[in-house]
Amino acid sequence: MREILYDIRRNGALILLRILIVALALVSTVTTVSFTESTTGTLDSQFSARAENNLAQLIDTYYDDPDAFLAIRNNPEAMAQVSGFYDALTRSTALTPLSMFDQAVPVQEFRGDDRFDHTFGTDLDVVGRYADAVTGTTLMNVKSMQMSRQAFEFYGLTASAGEAISWAEVDYASGMVPVLLGSDYQGVYAVGDTLRGDLYGNVLDLTVSGFLPPESAVYYRGEINTFLRDRIVMPYPETLVQPGEDTAAVELTPKYQSFLGILTFAMINTDLAFPLETTTDELLAELTRIGQQTGFTQHALIGVPLYLTQFALVRQIVVDNLALVSAVQVLMLIAALVAAVFISYHVHRRRLPRVRILEVLGAPTRALIRERQCASAAEYTLTLALFGLGVSLSPALGIRAALIGIGALIVWFLLDIGVQRWFLLRALDLGPRSATDTPQRGSA
Amino acid sequence: MITLEHIGKTITEPNGTARVLFEDLSFALVEPGSSVAVLGRSGSGKTTLLRILAGLDTRFEGTHRYHGAALSRRYEDMARHRRDHIGFITQHYDLLGDRSVLSNVLMGARGRRSAERRRASEYLELVGLTGFERKRPSVLSGGEAQRVAIARALVSEPAVILADEPTGALDEDTEEAVLTLFRTLQDRGCQLVIVTHSERVARHCDAQLLLTDRALTPLPTPR
């Protein structure tokens, strides 16, 4: 112990420098590994499916004829054709409809603050809470994203807390709809809570199934990453017409019929994902076939030419930078290793006079090695503490990465002990024996 | 008591050429309390001979015996041999500047801490350095530093003292004090082997050997 104190007094600055180098190198490595894993995971889970597809946008042709739009929504037979058209789209093997719409949802007695208001973060003035003129209840129009199961899965969305949406339980007719909340809702609502909301005039009980991870995002209206962290994700019904069901015969209240009409048109105004090898002509042919089959032909196709270009660019930037960051990290690690070995050698040189004296005095090698191992153990305990502090301050750290860091520190410790042992034995001239050698210091 | 038999040793010079340093060299120091001086020109191998006697150099041909038993060449065995029987006084004192005189002397001690401290103080008194315990080597004169190195070699109470140019950097008065100290050690039964260039130092020893032509030759005792 006394010798360790002497050693710290003599070599403390160098030892501290080595502790800092090793700890910082490992914290940096762990952060990079964490970042790499997270990015690779995102690329694999979301970008792959997106990279293998192109997008086009499907619209109805009633947008410039409100009277015709109102007429078709009040015509159950015509609406059955539109619903059938949507369901046929979902069954098509040539394309995937990615229905999404960001209709704000008035929520009664909303618990959150203004950041969830649909005007927050836009050029509009934040509206916040207001009293409903009819019922007198307090409402807030909160940000939402309605989406189909195909869109949900296409963008690789998952629930990080609670459970994913049970699509079979989505029932707009009864008003019971399970929803996922963006990550900013953590602490505002809990799994199992119910929000009373209103979509297109239809009052719904929105039950919280779970929460989305913070990085959850979708492509929406030209924005590559539209983040969902402050939104309520509401599922569209999986189908609009049950197989074999004669929807024209179903009795609908005017209010629900109106709701269903708006919902149906919201759903058919959708992005269509299709394989890169599919030509526009082939896509049009498929839409024409579905239209003729279902009787709904009032639709048109708009290309989304920027999507692929933007997306490919972003993806390539991510991949390139990932390789760059990894390469820089490897170089930093090598530099840190070289610096640590250099410092080890320098510290060894500073310890050498004492070793020479102890050698002359007949100190056992084992004792000298053990003494260095104890000093190293103390040093690496401090390094581990510094590493722990560093990683605890690191954002979005993965457990696996932290374990890799601890493993690397142990390997580094063992390597350092090995290197120091080698330096020591070399200094004590414990090589193979023969009658020939080079002159000793000051000898002969 | 301590003998070298038929020692052969070849060294490789920095330019790569081999040079035979010893050839069939023999040495014996038998009588308790006796001393021998080894003289020779620079580069003749005096320090190497001392290192072989100390077990610090084990790369040689021949046999190294202590009390009739051949010594092993293993590092650990030779280290134990030094710990148990040898006190080695180096030419350049080799004191550590970051600790006190007492701590430097204690490096050579073994056993319980309190007993070690007492013995270290005794040997500092023996070499005339009472009151120097807390001083740093950097404030010592050459003679004082040399005496600290001697105290460190003595504190384990070895049977054999090997001294490499122990008075090389000392003035005559200090040299005389050190030689008187060596005589005191001999009176206590210590055997001494002193490598020196100084005929004055050599004259204080019981026997003088000249290292020349790869072997030791006895010189007539002048006193």
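What counts and how
Residues numbered from 1 in each chain as written. Chains lettered and ligands numbered in written order. Predicted model: local features only at pLDDT ≥ 70, side-chain atom pairs only at ≥ 80, totals over all residues. Heavy atoms only, no water. Helix = DSSP H or I, 4+ residues; strand = E, 2+ residues; numbered from the N terminus. Buried < 20%, exposed > 50% of the residue type's maximum accessible area, 1.4 Å probe, protein only. Contact = heavy atoms within 4.5 Å. Areas by Shrake-Rupley, 256 points an atom, 1.4 Å probe, with all protein chains shown as cover. 1 Å grid on protein atoms, 1.4 Å probe; cavity = no way out; pocket = protein on both sides within 12 Å on 5 of 7 lines; lining within 4 Å. Points joined across faces, edges and corners; volume = space filled by probe spheres on them. Nonpolar A, V, L, I, M, F, W, Y, C, P; charged D, E, K, R; others polar. Pairing = 2+ DSSP bridges. Axes fitted to C-alpha atoms, helices over the stretch in contact; angles between N-to-C directions. Phe/Tyr/Trp six-rings, centres within 6.5 Å; stacked < 30°, edge-to-face > 60°. Lys NZ or Arg CZ within 6 Å of the ring centre and 35° of its normal. Parallel < 35°, antiparallel > 145°, perpendicular 65-115°, else oblique. Left-handed = near helix turned anticlockwise from the far one by under 90°.

A. Just the overall build of chain A, in detail. Check the secondary structure of chain A and you find 9 helices and 17 strands. Residues counted as buried form 46% of the 444 residues belonging to chain A. A separation of at least 24 residues holds for 81% of the contacts in chain A among residues at least 6 apart in sequence. Here chain A displays about 21,700 Å² of accessible surface, and carbon together with sulfur accounts for 60% of that area.

B. Layout of the overall build of chain B. In terms of helices and strands, chain B carries 7 helices and 10 strands. Pairs at least 24 residues apart make up 68% of the contacts formed inside chain B by residues separated by at least 6 positions. For chain B, the accessible surface area stands at approximately 9,600 Å², while carbon and sulfur atoms represent 48% of it.

C. Structural detail: empty space enclosed by the protein. Residues and elements named next belong to chain A. Evaluation of the coordinates by the stated rule reveals 1 cavity of 30 Å³ or more. Its volume calculated, the largest cavity comes out at about 40 Å³. Lining the largest cavity are Ile369, Arg372, Gln373, Ser376, Ile417, Gln420, Arg421 and Leu424. Within the lining of the largest cavity, the residues separate by chemical class into 3 nonpolar, 3 polar and 2 charged.

D. Inspection of the sheet that holds strand β7 (residues 160-164) of chain B at higher detail. All names here are of chain B. One open sheet holds the 6 strands; their spatial order is β6-β7-β8-β3-β9-β10, and the pairing between them is mixed. The open sheet has two free edges, formed respectively by β6 (86-89) and β10 (215-219), since each of these has just one partner strand. Within the sheet, the average angular offset between the axes of one strand and its neighbour, ignoring direction, is 20 degrees. Pairing of β7 with strand β8 (residues 191-195) involves 5 bridges; the strand directions are parallel. Residue pairing across strands places alanine 163 opposite isoleucine 194, the latter belonging to β8. Against the sheet, helix α5 (residues 142-154) makes contact with β6 and β7, and its axis sits at roughly 165 degrees relative to β6, the strand it touches most. Its contacts with the sheet put helix α6 (residues 172-187) on β3 (35-39), β6, β7 and β8, and the angle it makes with β8 is roughly 150 degrees.

E. Inspection of the packing of aromatic side chains at higher detail. Residues and elements named next belong to chain A. Tallying each qualifying case throughout the model produces 17 aromatic pairs over all chains. On the numbers, 4.9 Å between centres and 80 degrees between planes, the contact of phenylalanine 69 with phenylalanine 265 is edge-to-face. Taken together, the residues span a long stretch of sequence, with phenylalanine 69 in helix α2 (residues 66-73) and phenylalanine 265 in helix α5 (residues 254-268) at a distance of 196 residues. Given a relative accessible area of 22%, phenylalanine 69 falls into the partly exposed group. With a centroid separation of 6.4 Å and an interplanar angle of 45 degrees, the aromatic rings of tyrosine 200 and phenylalanine 259 are classed as tilted. On the criterion of sequence distance, the pair formed by tyrosine 200 in the loop between β10 (194-199) and β11 (202-211) and phenylalanine 259 in helix α5 is long-range, its members being 59 residues apart. Clustering of aromatic rings is evident, with ring pairs tying together Tyr62, Phe69, Phe85, Phe265 and Phe296. Sitting over the ring of phenylalanine 227, arginine 229 keeps its end group 4.4 Å from the ring centre.

F. Highlighting unusual backbone geometry. In the Ramachandran plot, Tyr200(A) falls in the positive-phi region, its phi being about 50 degrees despite a non-glycine side chain. For Glu165(B), which is not glycine, the phi dihedral falls at a positive 45 degrees. Secondary-structure assignment places Glu165(B) in the loop between β7 and α6. For Glu165(B), a relative accessible area of 9% translates into the label buried.

G. The pairing of strand β6 (residues 138-142) of chain A, seen in detail. All names here are of chain A. Most of β6 sits out of view: 4 of its 5 residues are buried. Relative to β6, strand β4 (residues 105-108) runs antiparallel, the two being bridged by 4 bridges. For valine 105, the partnering residue across the bridge sits in β6 and is valine 142. Sheet analysis places strand β5 (residues 130-131) next to β6, joined by 2 bridges and oriented antiparallel. Residue pairing across strands places tyrosine 130 opposite leucine 139, the latter belonging to β6. Between the end of β5 and the start of β6, which pair antiparallel, lie 6 residues, with glycine 136 showing a positive phi angle near 85 degrees.

H. Up close: the packing of α5(B) against α6(B). Residues and elements named next belong to chain B. Contact geometry for α5 and α6: axes closest at 10 Å, N-to-C directions at 15 degrees. On the basis of the axis angle, α5 is roughly parallel to α6. Both α5 and α6 take part in a crossing whose hand is right-handed. Counted together, Gly143, Arg147, Ile150 and Leu154 of α5 and Thr174, Val178, Leu181, Phe182 and Leu185 of α6 form the full contact between these two elements. Taken together, the residues that form the contact of α5 with α6 break down as 6 nonpolar, 2 polar and 1 charged.

I. Quick peek at the packing of helix α3 (residues 76-91) of chain A against helix α6 (residues 280-294) of chain A. Residue and element names in this part refer to chain A. Following both chains from N to C, one finds α3 and α6 inclined at 140 degrees, their axes separated by 9 Å at the closest point. Between α3 and α6, the angle is such that the two are oblique. In this structure, α3 meets α6 at a crossing whose hand is right-handed. Contacts between α3 and α6 involve Gln81, Gly84, Phe85, Ala88 and Leu89 from the first element and Leu287, Ile290, Gly291, Gln293 and Thr294 from the second. Residue composition of the contact of α3 with α6, grouped by class: 5 nonpolar, 5 polar and no charged.

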